[in-house]
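# Summary of the model geometry
Chain by chain, the residues:
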Amino acid sequence: MEGTPQEGPRTVDEVFNDFKGRRAGLIKALTLDVDKFYQQCDPEKENLCLYGLPNETWEVNLPVEEVPPEQPEPALGINFARDGMKEEDWLSLVAVHSDSWLLSVAFYFGARFGFGKNDRKRLFQMINELPTVFEVVSGTANQVKEQPSSGPNNSSKSKNTGRMPSKQTESQSRASKSPATRDEDESGEEEEEENDEQGGALCGACGDNHGPDEFWICCDICEQWFHGKCVKITPAKAEHIKQYKCPACSNKKARI
């Protein structure tokens, strides 16, 4: 199976990059690719597992036949619970088990490659800086975060009202639809201090927080912010969107 560890020494950075790649794949399965993931988890099939792969992709597959396995295995039989739970609860359950699996794989590598106390501590601290898969999937990762500040050329959108600032027309603001403070002139310093302390908002798709000049778009349903590249929305495309629905909200509507 893909993702089998390579022979030879592994560093903390390499294990962390492996963790990030697998995590990104799992988040993709449970958010952007949720409809495809849902269909592949057919309860009529045998025990299935969700694997996150180091190259930021994912796959639903049968568990490995090798006993004991080469490395820790994900939760078994996730497909059996699909139709017996609300979709949101089922995805949250898969996310929690995915978090557990990611940690077990990372620290399996740590044990296998002889990490000492300091290396294990550093690895955990690096992992702990990222929101969990569950936090990204459930949206709780953004609840304690402020909206990311925009660059000087970006516009702002009020998260409370869903409206654009009165200084710009709706079409002009929609084109750059990136998160910002309500009034940068009046509260710029105050918001900057809050963002420094809290680290800014997180993308609802990848869970990362990149530079302020990056294009963002906000879902008008769940009010989560996303990197445009993560949801395949460009500034030009955003100009023509009256109400943006993220992939998760669009898929929920389709199945109701």
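For the structure, check the block above.
What this report covers is the structure whose coordinates are included nearby.

## Focus on unusual backbone geometry
With a phi close to 65°, Glu223 is a non-glycine residue in the positive phi region. As for its position among the elements, Glu223 is in the loop between β3 (216-218) and β4 (225-227). Note on Glu223: relative accessible area 33%, which makes it partly exposed. Despite not being glycine, Lys232 has its phi angle at roughly 60°, a positive value. With respect to the helices and strands, Lys232 occurs in the loop between β4 and α8 (235-238). A residue is classified by how much of its surface remains accessible, and Lys232, at 71% relative accessible area, is exposed.

## Observations concerning the nonpolar core
Within the largest apolar cluster, 38 residues are counted, with the highest numbers of intra-cluster contacts made by Leu30, Phe37, Leu50 and Leu123. Looking at this core, the elements that each hand over two or more residues are α1 (12-30), α2 (34-40), β1 (49-52), β2 (58-61), α3 (87-112), α4 (117-128) and α5 (133-138). Here the element with the most residues in this core is α3; it accounts for nine residues. Those residues within four positions of Leu123 in sequence are excluded, and the remaining contacts are Val12, Val15, Phe16, Ala106, Phe107 and Phe115.

About the criteria used
- Residues numbered from 1 in each chain as written.
- Predicted model: local features only at pLDDT ≥ 70, side-chain atom pairs only at ≥ 80, totals over all residues.
- Heavy atoms only, no water.
- Helix = DSSP H or I, 4+ residues; strand = E, 2+ residues; numbered from the N terminus.
- Buried < 20%, exposed > 50% of the residue type's maximum accessible area, 1.4 Å probe, protein only.
- Core = buried A, V, L, I, M, F, W, Y, C linked by side-chain atoms within 4.5 Å.
- Contact = heavy atoms within 4.5 Å.

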